[in-house]
Each structure stands twice: as structure tokens, then as C-alpha cells.
Amino acid sequence: MGRRRKRRTHVPIDDEKVPRSFVIRSGVVGRAVSYLVRDVRKVMEPNTAVKLRERKTNKLKDFVQVAGHYGVTHFLIFSQTKVGTNLRIARTPRGPTLTFRINQYSTIKDVLSLQTNPRSKGTEYKNPPLLVLNNFGDNDKHMKLMTAMFQNLFPPINVQTMKLGEAKRVLLLNYDSETDRIDFRHYYIGIKITGVNKSIKRIIQTEVPNLNKFDDISEYILREAHASESDIEDGPDSTIVIPQKLNRNQRTEQRAVRLTEIGPRMTLQLTKIQNGFCDGSIIYHRFIKKTKEEEKQIEKLHNQKIKEKEKRRKEQEDNIKRKQEEKERIANNNRKMQRDLLKAKLAQQKAESQQNENDDNIEEDEDDEDDNINDVELIGDDEELESEEEEDDDEMDED
């Protein structure tokens, strides 16, 4: 039996085009706001840090420093004051920053507790939600900026290559021009079969019914042959024709689309827009209106602040460069000293070895001279002995 090959179940996405986000809380917030932060992270899945752990000692700059490494493009910052709860949506690294006041909110737990049969399965968070913006067609500058900010929170959709089976959630942002508020709603997209009653739907959807009280399956089907409320809702206005197959068991192309709210829900109101990342000149303010002279003065102070910041940064860079050069100079001096010491040591060792060789040669020469002297003395002694023997022989001959 051959080895089974794993099929590619998803299309790789270009990481550079996918926006990523950090959903964090700033300062001291209540338990309910902490739950809201956790729920908003689920809305932003899968392109957000779901298991991001925050500490009381963490500052905003700590998250900004690591944002570039992980490719984070947006920050959603929740904070709480005596007036109420606020949400800041900031684009890294240079802004802009939109500040909203959260007038009302409900967590996922609160929304699901009001439903008889909650529809959230957990698998719908594998793909980002579809974004629907309603009544955002105003030509005001702050409305255009707010629309662009919401659109850039999620990856763009290619209608030609998109798979309908991946569309499991929808995020609805509805703007009310009368109250100047935004309704934040999060829904689960459900696809149901049309044209059949509940009994047949259960059988088609592979949910095995309980037939212990029936003699035949026809009794079970005919028992609910009358139209129910859900069947009446599946009219021509609520049904669509799906060109793609959502699963293997699909038999008909006509389906009914149901939206089930899975939370969280919020009511937002735009209060301020800043030019930078949580800082900078104020582009729009809901409660404070300023004259053109005041705006020019603020712009002048902001530019002056930027220049001072650039000056400090340049001084810091010069100091770092100077310290680096000083460090390299000291390191070069140390390396030069080490080389000189090594050369001196090698020269000393060479001189010592040469002196030892000279001493050895001198000792060898002295030994050779001693041997020559001994040979000469021995030869002289032999000649004396021979001459003495010859004299003795002569004396004996005379006698």
C-alpha cells in the first residue's frame, strides 16, 4: 500500500499584505473590560496575538518595540477612566490614532446567554471575518479616515479566488448619523437547506433522529410535514444560489443564509483623531473646536517638538558612534599590545634557544680539546718509555 500524500488544505497568503494587530489594555481596568479585550481578540483572529500576556509594569512602548518584529500593523488599546471606557485604534508606526468612547458593550458570554441554542462552534475563527460597513458614505474628512482605518484592520478579499466555505463570520459596523454612533456587531454565517421540512433537514445534515417512538420513518417525516416558522422564513428573499459546493453532502445549489450573533457587541462614538501614533496634532475633536490661529499654533508647537526630538535622536546617534569608535580604538590598542608582547616573547625565546645552542657548541669544543691534550700526553709518555728502555738495553750490552 502506497504512502498517502497530504493535500494542501489552504492557499498560502502573502504575509506582507496581511494586517496584524495587538489588542491590549492600558492602565487599570475592571474585570468586565478585561473580558471585552479577550473577546475582541477572538474577533480579530487569526491575525492577532490571542495569548498575549500583559503585566502591570508593561508600558505601551514595550509593545511598540516588538511590533515591528512580528509585523504588527494596528493597535487596539482599551482604557478606563472615571468618565467611561475608551478604545484607541492606532496604525503603526506613525499613526493616525482614532479614539472612541464605548457607550455600551456586551461580552460574548452575555450575548450567548440570551440564545436558546448558541451557534458558535469554535472552528469559525480559523479565517478572518468579512467586514460590512453601513452608512459610511459621508464625504467628511474624519469619516473617510475612519472608514479607511476600519477597512485596513482586515485583509482584503479577492472575490474571484475566495472560497465560500471560508466565510464563516461577518463583522457589521453600522453608522447612525442622527446619534453619531457606531454599532459593532459580530455574527456567525450559517447555511441551511431550503425547500424541505425540519425532519428531512435533520436527516440530510447527518443528525441521526430518535425513532424509538415511531414504527416507520415515514411517521417521523409526516409528523412535521406542516410548515414551521423557520420554513416560512426561508422565502425567496432570504435564499440565494450558491455557485460553489460548501461540503461533500451538498445536493442543491439553493441555500438559506442565517446570521447568528456571537458577540461581542459595542456602541462606539468617535471623539478624537490624532495625526501620530497615540500622539501628535489633533485632526478632529468632537467636543473641542479651535480656530485656525489656534490650529496653526498647535501645528507649530508640534513641528518644534518633532525637531527637538530629531535633534536628540541625532545627538544620541553621535554619542553612540563616538563611543563605538572609542571602543574600537581601545580594542585595536589592546590587540597591538598583545601582538607586541607576543613578538617580544618569541624574540626572547629565539635568543634563549640560540644562546643554548652556542653554549652547547662551546662545551663540545672544550671536550674535543681535552681529548687532543690527552692524546698528546699519552704519545709523549710512550716515547719517554721507549727511550728509557733503549738506554737500559745499551747499559746491559756494555756490561
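Our subject is the structure listed above.
First things first, this report covers the structure right here in the doc.

Procedures and definitions
- Residues numbered from 1 in each chain as written.
- Predicted model: local features only at pLDDT ≥ 70, side-chain atom pairs only at ≥ 80, totals over all residues.
- Heavy atoms only, no water.
- 1 Å grid on protein atoms, 1.4 Å probe; cavity = no way out; pocket = protein on both sides within 12 Å on 5 of 7 lines; lining within 4 Å.
- Points joined across faces, edges and corners; volume = space filled by probe spheres on them.
- Helix = DSSP H or I, 4+ residues; strand = E, 2+ residues; numbered from the N terminus.
- Nonpolar A, V, L, I, M, F, W, Y, C, P; charged D, E, K, R; others polar.
- Patch = residues over 30% accessible without salt bridge, like charges linked within 9 Å, V, L, I, M, F, W, Y side chains within 5 Å.
- Areas by Shrake-Rupley, 256 points an atom, 1.4 Å probe, with all protein chains shown as cover.
- Salt bridge = Lys/Arg side-chain N within 4 Å of Asp/Glu carboxyl O.
- Lys, Arg positive; Asp, Glu negative; His and termini not counted.
- Charge placed at Lys NZ, Arg CZ, Asp CG, Glu CD.
- Buried < 20%, exposed > 50% of the residue type's maximum accessible area, 1.4 Å probe, protein only.
- Pairing = 2+ DSSP bridges.

Gaps left between atoms show up when a probe the size of a water molecule is rolled over them. A complete count under the given rule lists three cavities of 30 Å³ or more for this structure. If you go around the largest cavity, you meet 14 residues; those closest to its centre are L76, I89, F150, L153 and F184. Every element with two or more residues in the lining of the largest cavity is listed here: α1 (31-43), β3 (85-91), β6 (169-176) and β10 (265-274). For the lining of the largest cavity, the class distribution of residues is 14 nonpolar, no polar and no charged. Its boundaries defined by the atoms lining it, the second largest cavity holds a volume of some 50 Å³. Along the walls of the second largest cavity sit H142, M143, M146, Y175, D180, R181, I182, L268, Q269, L270 and Y284, which together make up its complete lining. Looking at the lining of the second largest cavity, the elements that each hand over two or more residues are α4 (141-151), β7 (181-193) and β10. Along the lines of polarity and charge, the residues of the lining of the second largest cavity split into seven nonpolar, two polar and two charged.

This part takes up a positive patch on the surface. Judged by side-chain charge, R335, K336, R339 and K343 come together as a positively charged surface patch. For K343, the location among the structural elements is in helix α8 (residues 292-398). What makes K343 exposed here is its relative accessible area of 57%.

Inspection of the sheet shows strand β2 (residues 74-80) paired to β3 by seven bridges, in the antiparallel sense. Residue pairing across strands places F78 opposite L87, the latter belonging to β3. Two successive antiparallel strands, β2 and β3, enclose a turn made up of four residues. For β3 and strand β4 (residues 97-106), the ladder comprises six bridges, and the chain directions are antiparallel. Residue pairing for β4: A90 is matched across the bridge by T97. Between β3 and the antiparallel strand that follows it, β4, lie five residues; G95 among them carries a positive phi value of about 90°.

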